[in-house]
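Observations on the three-dimensional arrangement
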Amino acid sequence: KQEVTQIPAALSVPEGENLVLNCSFTDSAIYNLQWFRQDPGKGLTSLLLIQSSQREQTSGRLNASLDKSSGRSTLYIAASQPGDSATYLCAVTNNNDMRFGAGTRLTVKP
Amino acid sequence: GAGVSQSPSNKVTEKGKDVELRCDPISGHTALYWYRQSLGQGLEFLIYFQGNSAPDKSGLPSDRFSAERTGGSVSTLTIQRTQQEDSAVYLCASSPRRDTSNYGYTFGSGTRLTVV
């Protein structure tokens, strides 16, 4: 059974800092890995999707990497802003099974 | 539709009543998931539909929970005899395909269920 772990559980940084969120998974036979953002009381917004054959994806200030062999992904956020404050979730999909980590709660202080 | 639509957005019900939650996936998406997120917790898988195949019900927490998907499109999650521990946000997601790495999942905004 796939297990997904996210570290740290919470992170607080001053505005402007670059930061890295970590996601690890136990079964490397994945179809893809997806990073989501969730604002309090809201649904999930997809940020980046990395296919199993890819190593990284970039969107604006966000860069996600994938190392299947080691079962790890990182989400890099450059020049963080207060509007980036949210919970970030990673999810891995294999077969018909999508498993989520518990998330990292990010606070960016002005 | 342009996105995954869930209704109602909020539902308050009395303990013991039945509730129905609706998910309208993106048109043409064959894969549909239901998840539950309790306050401060991660996402808990409930049930998965893929086309006309038998659904994967392995995540349903009890026999009070059931779901159906009519015509391969709209899905309804039914909770019978609701309990206070059923209070959570119920999220629905859909995807065009299952067994490909090319597609991610799009989530709806969720239904916040409160059992009083």
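Residues numbered from 1 in each chain as written. Chains lettered and ligands numbered in written order. Predicted model: local features only at pLDDT ≥ 70, side-chain atom pairs only at ≥ 80, totals over all residues. Heavy atoms only, no water.

1. As for the nonpolar core
How we decide: Definition of nonpolar core: a set of buried residues of the types Ala, Val, Leu, Ile, Met, Phe, Trp, Tyr and Cys, connected through side-chain atoms within 4.5 Å. The buried label goes to any residue with under 20% of its type's maximum accessible area, the exposed label to any with over 50%, and the partly exposed label to all in between, with areas taken from a 1.4 Å probe on protein chains only. Note on conventions: DSSP H or I runs of at least 4 residues are helices, E runs of at least 2 residues are strands, and numbering of each starts at the N terminus.
Counting residues in each nonpolar core, the largest one holds 22 residues, and the members touching the most others are A:Phe25, A:Leu33, A:Trp35, A:Leu75, A:Ile77, A:Tyr88 and A:Leu106. Those elements that place two or more of their residues in this core are strand 3 (19-25), strand 4 (32-38), strand 5 (44-51), strand 7 (62-67), strand 8 (72-77), strand 9 (86-94) and strand 11 (104-109) of chain A. Listed in part, the 20 residues of the second largest apolar core include B:Cys23, B:Ile47, B:Phe49 and B:Leu60.

2. Examining the sheet that holds strand 1 (residues 4-7) of chain A
All names here are of chain A. For clarity, the cut-off: Strand pairing is assigned whenever DSSP detects at least two bridges linking the two strands. Axis definition: a line fit to C-alpha positions, over the contact stretch in the case of helices; interaxial angles, taken between N-to-C directions, run 0 to 180 degrees.
Reading across from one edge, 1-3-8-7-6 is the order of the five strands in this open sheet, with antiparallel pairing throughout. Two strands in the sheet have a free side with no partner beyond their single neighbour: strand 1 and strand 6 (56-59). Between one strand axis and the next, the sheet turns by 15° as a mean value, whatever way the strands run. Pairing analysis gives four bridges linking strand 1 to strand 3, with the strands arranged antiparallel. Across the sheet, the residue bridging to Thr5 is Ser24, located in strand 3.

3. Overview of the sheet that holds strand 7 (residues 75-79) of chain B
Residue and element names in this part refer to chain B. Pairing in this open sheet of four strands is antiparallel, and the strands run 1-3-7-6 from one edge to the other. Two strands lie at the open edges of the sheet, namely strand 1 (5-7) and strand 6 (65-69), each paired on one side alone. When the angles between neighbouring strand axes are averaged without regard to direction, this sheet yields 15°. In terms of strand pairing, strand 3 (residues 19-24) meets strand 7 through five bridges, oriented antiparallel. Bridged to Glu20 within strand 7 is Thr78.

4. Re the environment of B:Leu113
Residue and element names in this part refer to chain B. Selection criterion: Pairs of residues are marked as contacts when any of their non-hydrogen atoms sit within 4.5 Å.
Note on placement: Leu113 falls in strand 10 (residues 111-115). Note: C-alpha distance between Leu113 and Leu32 (81 residues apart in sequence) is 20 Å. Setting aside chain neighbours within four positions, we find Leu113 in contact with Lys11, Thr13, Val19, Ile79, Asp86, Ser87, Ala88 and Tyr90.

5. Quick notes on the packing of aromatic side chains
What counts here: Side-chain rings of Phe, Tyr and Trp (the six-membered ring for Trp) are treated as a pair once their centres are within 6.5 Å; stacked means planes under 30 degrees apart, edge-to-face means over 60, and tilted covers the remaining angles.
A complete count under the given rule lists ten aromatic pairs over all chains for this structure. Arranged with centres 5.2 Å apart and planes meeting at 85°, the rings of A:Phe36 and B:Phe107 form a pair that is edge-to-face. Of the two residues, A:Phe36 is situated in strand 4 and B:Phe107 in strand 9 (residues 106-107); the pairing between them involves two chains. Assigned by exposure class, A:Phe36 and B:Phe107 land together as buried.

6. Digging into the interface of chain B and chain A
Our working rule: Buried area: the accessible surface (1.4 Å probe) lost by two parts on joining, summed over both. For salt bridges, the criterion is a side-chain nitrogen of Lys or Arg within 4 Å of an Asp or Glu carboxyl oxygen. Any pair of N or O atoms that falls within 3.5 Å is considered a polar contact. Within protein, one atom must be able to donate a hydrogen and the other to accept it, and sequence-neighbouring residues count only if both atoms are side-chain atoms. Residue polarity follows a fixed list, in which Ala, Val, Leu, Ile, Met, Phe, Trp, Tyr, Cys and Pro are nonpolar, Asp, Glu, Lys and Arg are charged, and the others, Gly among them, are polar.
Of the residues lining the interface, 19 residues belong to chain B; the matching set on chain A comes to 20 residues. Both sides together, the interface formed by chain B and chain A hides about 1,700 Å², and carbon and sulfur atoms give 53% of it. Linking chain B to chain A there are zero salt bridges. The interface formed by chain B and chain A includes three residue pairs in polar contact (both at pLDDT 80 or more). Looking at the side of chain B that touches chain A, the elements that each hand over two or more residues are strand 4 (31-37) and strand 5 (43-50) of chain B. Ranked by residue count, the leading element in the side of chain B that touches chain A is strand 4 of chain B, at three residues. Here the side of chain B that touches chain A is built from residues that sort into eight nonpolar, seven polar and four charged.

Purely spatial values, then, with no claim about function.
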